[in-house]
Amino acid sequence: LGINIVLKINNRKVLSGLAEICGHPDKLIDITVAIDKIDKIGLDAVKEELMERGLEASAIAMIEPVLTLQGSNEEKIAAMRPILTGSAIGMRGLDELEELFGYVASAGFRQEIEIDLSLARGLNYYTGAIFEVKAKDFQIGSICGGGRYDDLTGIFGLPDTSGVGISFGAD
């Protein structure tokens, strides 16, 4: 369609690890719902919402630098490793991101792709890589988004089947 876009990628395991290391693995949903709004409401409002959802200032202080992390995809992964070193699931998420970006590099993909550690995708059935396609030249929401889920099909009678889903939106 000739739209200048960027593909943003994260991994729900990284977000689970972040919830774990800040002392609130039980508040993963609260954390992801709040940080998923950062583009719409800004960092200060996200921090306020996290506080309203029961996170103390010290937990928010652990999350904030992750949400504002800058650099190349490789630099972001490298910066996250010491942060998530105490979380096996978080480290697994970083390994998966690293593997994914290895495939992207070997495939010669030329589209702009970036790790966005604030990307959370509000739906809680995602279990691995999550992504959104955003227009760079227009201030609109995502054009499409989706991610990996390990057992969503189980609720439809097809257990132990993983998959990847995507949805598109157009007005």
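What you see is a predicted model, and the numbers here were worked out from it, not measured in a lab.

Approximately 400 Å³ is the volume found for the largest pocket. What lines the largest pocket is a set of 20 residues, and nearest its centre among them are Asp39, Glu132, Lys134, Ile140 and Gly141. Secondary structure elements with two or more residues in the lining of the largest pocket: β1 (5-11), α3 (38-41) and β3 (129-135). A class-by-class count of the residues in the lining of the largest pocket yields seven nonpolar, four polar and nine charged.

Of all hydrophobic cores here, the largest spans 41 residues; its most connected members are Ile31, Ile35, Leu50, Leu55 and Ile63. Contact partners of Leu55, with chain neighbours within four places excluded, come to Cys22, His24, Lys27, Ile31, Leu50, Ile60 and Ile63.

Strand β4 (residues 144-149) sits mainly inside the fold: five of its six residues count as buried. Where β3 meets β4, four bridges bridge the pair, whose relative direction is antiparallel. The residue bridging Glu132 from the neighbouring strand is Gly145, located in β4. Here six bridges tie β4 to strand β5 (residues 163-168), and the two strands are oriented antiparallel to one another. Bridge assignment links Gly147 to a residue of β5, and that residue is Gly165.

Strand order across the open sheet formed by five strands is β2-β1-β3-β4-β5, with mixed pairing between neighbours. A strand with exactly one partner marks an edge of an open sheet, and here the two such strands are β2 (113-115) and β5. Neighbour to neighbour, the strand axes of the sheet diverge by 20° on average, direction disregarded.

Attention now goes to the packing of helix α4 (residues 43-52) against helix α5 (residues 57-67). For any two helices packed against each other, the geometry is given by the interaxial angle and the distance between the axes. As a packed pair, α4 and α5 sit with axes 10 Å apart at the nearest point and diverge in direction by 145°. Between α4 and α5 the crossing geometry is right-handed. For the pair α4 and α5, the contacting residues are Leu43, Val46, Lys47, Leu50 and Met51 in the first and Ala57, Ile60, Ile63, Glu64 and Leu67 in the second. Considering only residue class, the contact of α4 with α5 consists of eight nonpolar, no polar and two charged.

Parameters at a glance
- Residues numbered from 1 in each chain as written.
- Predicted model: local features only at pLDDT ≥ 70, side-chain atom pairs only at ≥ 80, totals over all residues.
- Heavy atoms only, no water.
- 1 Å grid on protein atoms, 1.4 Å probe; cavity = no way out; pocket = protein on both sides within 12 Å on 5 of 7 lines; lining within 4 Å.
- Points joined across faces, edges and corners; volume = space filled by probe spheres on them.
- Helix = DSSP H or I, 4+ residues; strand = E, 2+ residues; numbered from the N terminus.
- Nonpolar A, V, L, I, M, F, W, Y, C, P; charged D, E, K, R; others polar.
- Core = buried A, V, L, I, M, F, W, Y, C linked by side-chain atoms within 4.5 Å.
- Buried < 20%, exposed > 50% of the residue type's maximum accessible area, 1.4 Å probe, protein only.
- Contact = heavy atoms within 4.5 Å.
- Pairing = 2+ DSSP bridges.
- Axes fitted to C-alpha atoms, helices over the stretch in contact; angles between N-to-C directions.
- Left-handed = near helix turned anticlockwise from the far one by under 90°.

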